[in-house]
Amino acid sequence: MGEPSPDLGDPLRIPLPRNGSVSGPDPTGPARGAQLPPGLPVGGPGEEDGEAAYVRPYTVTGGRTRPSGMTLPFEALVEGLAAPRPEHAPESRRILGLVTGQYLSVAELSAHLHLPVGVVRVLVGDLADEGAVRVHGLTTTASAPAPATTLSVLESVLNGISAL
Amino acid sequence: MAYPHSDVAPALPRARRDAESAAPAVAPTVVKIVVAGGFAVGKTTFIGSISDIEPLSTEAAMTEHSVGVDDAGAAADAKTLTTVAMDFGRISLPGNLWLYLFGTPGQDRFLFMWDDLVRGAVGAVVLVDTDRLDQCFPAVDYFETRRIPFVLAVNCFDGVARHTLDDVREALAVSSDVPMLYTDARSRAATKQALVTLVQHAMERLSGEPGPGAPGSPPG
């Protein structure tokens, strides 16, 4: 159950553009890591740990690993609109409790509840479907592009960080 | 987590959001920056040096690979948690803007999660540890291939730069238009500079200007 593995290729296998027509390095230059100057040793391989454990938290979603509608970004903000009700699952009640009076991202809910992001996505999706929460910052459209692709937003971010 | 937060200067102003305070009437505009780099290169420290909130850790889910989800934060599981957890922080900026900093899960086998993480991001700061240079290869490859704006921030763990940026650039074989700078993940000022450099780079890319590599200078 709950085999959520997305159908994504292994990015490591994607060949890098190295034909000189893109902004890659000089194609005649060294391959990455091929010629390290002294003092830049190449470390050992990454660690691999043991077998994966069974994920019990997905039992609270009835085994579903996807929200009913869209996939919620990690940074989507959840706004509470309704008080928790007895018929809500405990985890859903806790979500509603956390988002009362404040916006919290899917990632923050996941961290505070010690639940995987995937579980929070499903629960928040259900709560949104029933109108108990509103989700902000969902997938953008052509008429409303992602904030990070808007120069004026980036300018505000730049000024904001600079003033920190 | 591999890094205790005790090395984050306690004097940092931390604008804590009071749970009782009312949410602003208009939802904040959210932007995010991805912090990538090898295992234990200092991503969490980097995030913690500037985040308004103590860095949080979550399982970057969508995976059946899950260890210790019920006792996230247990010190005994530190290493396991680092490998499966995604650490992140948040900065409130004027104009009702929230900037999230997401650290990537450290190991190659979690690269598939990055697509989720990177979608809609301003870009990425790739932290480089020159003692373990190969650890950042997957991140560099990833962002380069997808043409996602990124900067290389060479982390000077003890405040000393052991290698010139040119040497590191050559060893990594990255193009000269990728900004490089020294950083110190513990330093708020240095982290700020890395983020500023990234946002400027992203703006240049967005405006179609050929971005000159921003010269870096040792922090502090």
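Report on the accompanying structure. The model shown is predicted, which means the values in this text are computed figures rather than measured ones.

Before going further, it helps to spend a moment on the overall build of chain B. The number of helices and strands found in chain B is six helices and seven strands. Of the regular secondary structure in chain B, the N- to C-terminal order runs β-α-β-α-β-β-α-β-α-β-α-β-α. Within chain B, the proportion of its 220 residues that are buried is 55%.

This part is about the nonpolar core. With 91 residues, the main nonpolar core has A:Val78, A:Val124, B:Ile33, B:Val125 and B:Val126 as its most contacted residues. Broken down by element, this core gets its largest block of residues, eight residues, from helix H3 (residues 117-129) of chain A. Beyond its immediate chain neighbours, meaning those up to four positions away, B:Ile33 contacts B:Leu99, B:Leu101, B:Ala121, B:Val122, B:Gly123, B:Ala124, B:Val125, B:Leu195 and B:Leu198.

Quick look at the sheet that holds strand E1 (residues 29-37) of chain B now. Taking strand neighbours across the sheet as the criterion, the seven strands line up as E2-E3-E4-E1-E5-E6-E7 (chain B) in an open arrangement whose pairing is mixed. The open sheet has two edge strands, strand E2 (56-59) and strand E7 (180-183) of chain B, and neither has a second partner. Across this sheet, the average inter-strand angle for adjacent strands is 30 degrees, counted without regard to direction. Where E1(B) meets strand E4 (residues 97-103) of chain B, seven bridges bridge the pair, whose relative direction is parallel. Considered in E4(B), the bridge of B:Ile33 is made with B:Leu101. Across the face of the sheet, helix H2 (residues 106-113) of chain A comes into contact with E2 and strand E3 (85-93) of chain B while running at roughly 90 degrees to E2(B).

With that settled, consider helix H4 (residues 137-145) of chain B. Listed in full, the buried residues belonging to H4(B) are B:Pro138, B:Ala139, B:Val140, B:Tyr142, B:Phe143 and B:Glu144. Once H4(B) ends, the next one or two residues include B:Arg147, with phi positive near 55 degrees.

Attention shifts here to the sheet that holds strand E3 (residues 133-136) of chain A. Residues and elements named next belong to chain A. The three strands lie next to each other as E2-E1-E3, forming an open sheet whose pairing is antiparallel. Only two strands of the sheet have a single partner each, and these edge strands are strand E2 (104-105) and E3. One ladder, built from four bridges, connects strand E1 (residues 77-80) with E3; its direction is antiparallel. Looking at E3, one finds that Val 78 is bridged to Val 135. In the packing of H3 onto the sheet, contacts are made with E1 and E3, and the angle to E3 comes to roughly 115 degrees.

Bringing the pairing of strand E6 (residues 150-155) of chain B into the picture now. Along a regular strand, successive side chains alternate from one face of the sheet to the other. Residue and element names in this part refer to chain B. Along E6, six of the six residues are buried, which leaves the element largely enclosed by surrounding structure. Across the two faces of E6 the burial is the same, with Phe 150, Leu 152 and Val 154 and Val 151, Ala 153 and Asn 155 all buried. Note that strand E5 (residues 123-128) and E6 share five bridges and pair parallel. Within E6, the residue paired with Val 126 across the bridge is Leu 152. For the handedness criterion, the β-α-β arrangement of E5, H4 and E6 is classed as right-handed. The pairing of E6 with E7 spans four bridges and is classified as parallel. Within E7, the position partnered with Ala 153 by the bridge is Leu 181. Regarding topology, helix H5 (residues 165-172) serves as the crossover connection from E6 to the parallel E7, and that connection is right-handed.

Residue and element names in this part refer to chain B. The phi dihedral of Ala 40 is positive, around 60 degrees, even though this residue is not glycine. Its location among the elements puts Ala 40 in the loop between E1 and helix H1 (43-48). With a phi angle near 55 degrees, Ala 173 is a residue other than glycine that sits in the positive phi range. Positionally, Ala 173 belongs in the loop between H5 and E7.

All names here are of chain A. On the secondary structure map, Val 122 appears in helix H3. Overall, the presence of 25 C-beta atoms within 10 Å leaves Val 122 in the buried class. As a C-alpha pair, Val 122 and Leu 72 span 50 residues in sequence and 8.8 Å in three-dimensional space.

Looking now at the packing of helix H1 (residues 90-98) of chain A against H3(A). All names here are of chain A. Look at H1 against H3: their axes get within 10 Å of each other, and the N-to-C directions meet at 75 degrees. If you check the angle between H1 and H3, you find them roughly perpendicular. Between H1, through Glu 91, Ser 92, Ile 95 and Leu 96, and H3, the contact on the second element is made entirely by Leu 123, Val 124 and Leu 127. Here the residues of the contact of H1 with H3 sort into five nonpolar, one polar and one charged.

Bringing the pairing of E1(B) into the picture now. Residue and element names in this part refer to chain B. Counting buried positions along E1 gives nine out of nine residues, so the element sits mostly inside the fold. Neither face of E1 is left uncovered, since the one carrying Thr 29, Val 31, Ile 33, Val 35 and Gly 37 and the one carrying Val 30, Lys 32, Val 34 and Ala 36 both have all their residues buried. Strand direction decides the pairing type here: E1 and E5, joined by five bridges, are parallel. Residue Ile 33 lies in a different strand from E5, and its bridge partner there is Gly 123.

Another point: the packing of H1(A) against H2(A). All names here are of chain A. At a closest axis distance of 11 Å, the pairing of H1 and H2 adopts a crossing angle of 120 degrees. Taken together, H1 and H2 sit at an angle that is classed as oblique. Here H1 and H2 pass one another in a crossing that is right-handed. In this structure, H1 contributes Glu 91, Arg 94, Ile 95 and Leu 98 to the contact, and H2 contributes Leu 109, His 112 and Leu 113. Residues belonging to the contact of H1 with H2 are distributed by class as follows: four nonpolar, one polar and two charged.

The rules we used
- Residues numbered from 1 in each chain as written.
- Chains lettered and ligands numbered in written order.
- Predicted model: local features only at pLDDT ≥ 70, side-chain atom pairs only at ≥ 80, totals over all residues.
- Helix = DSSP H or I, 4+ residues; strand = E, 2+ residues; numbered from the N terminus.
- Buried ≥ 20, exposed ≤ 12 C-beta atoms within 10 Å, placed from the backbone.
- Core = buried A, V, L, I, M, F, W, Y, C linked by C-beta atoms within 7 Å.
- Contact = placed C-beta atoms within 7 Å.
- Pairing = 2+ DSSP bridges.
- Axes fitted to C-alpha atoms, helices over the stretch in contact; angles between N-to-C directions.
- Right-handed = clockwise from strand over helix to strand, strands pointing away.
- Parallel < 35°, antiparallel > 145°, perpendicular 65-115°, else oblique.
- Nonpolar A, V, L, I, M, F, W, Y, C, P; charged D, E, K, R; others polar.
- Left-handed = near helix turned anticlockwise from the far one by under 90°.

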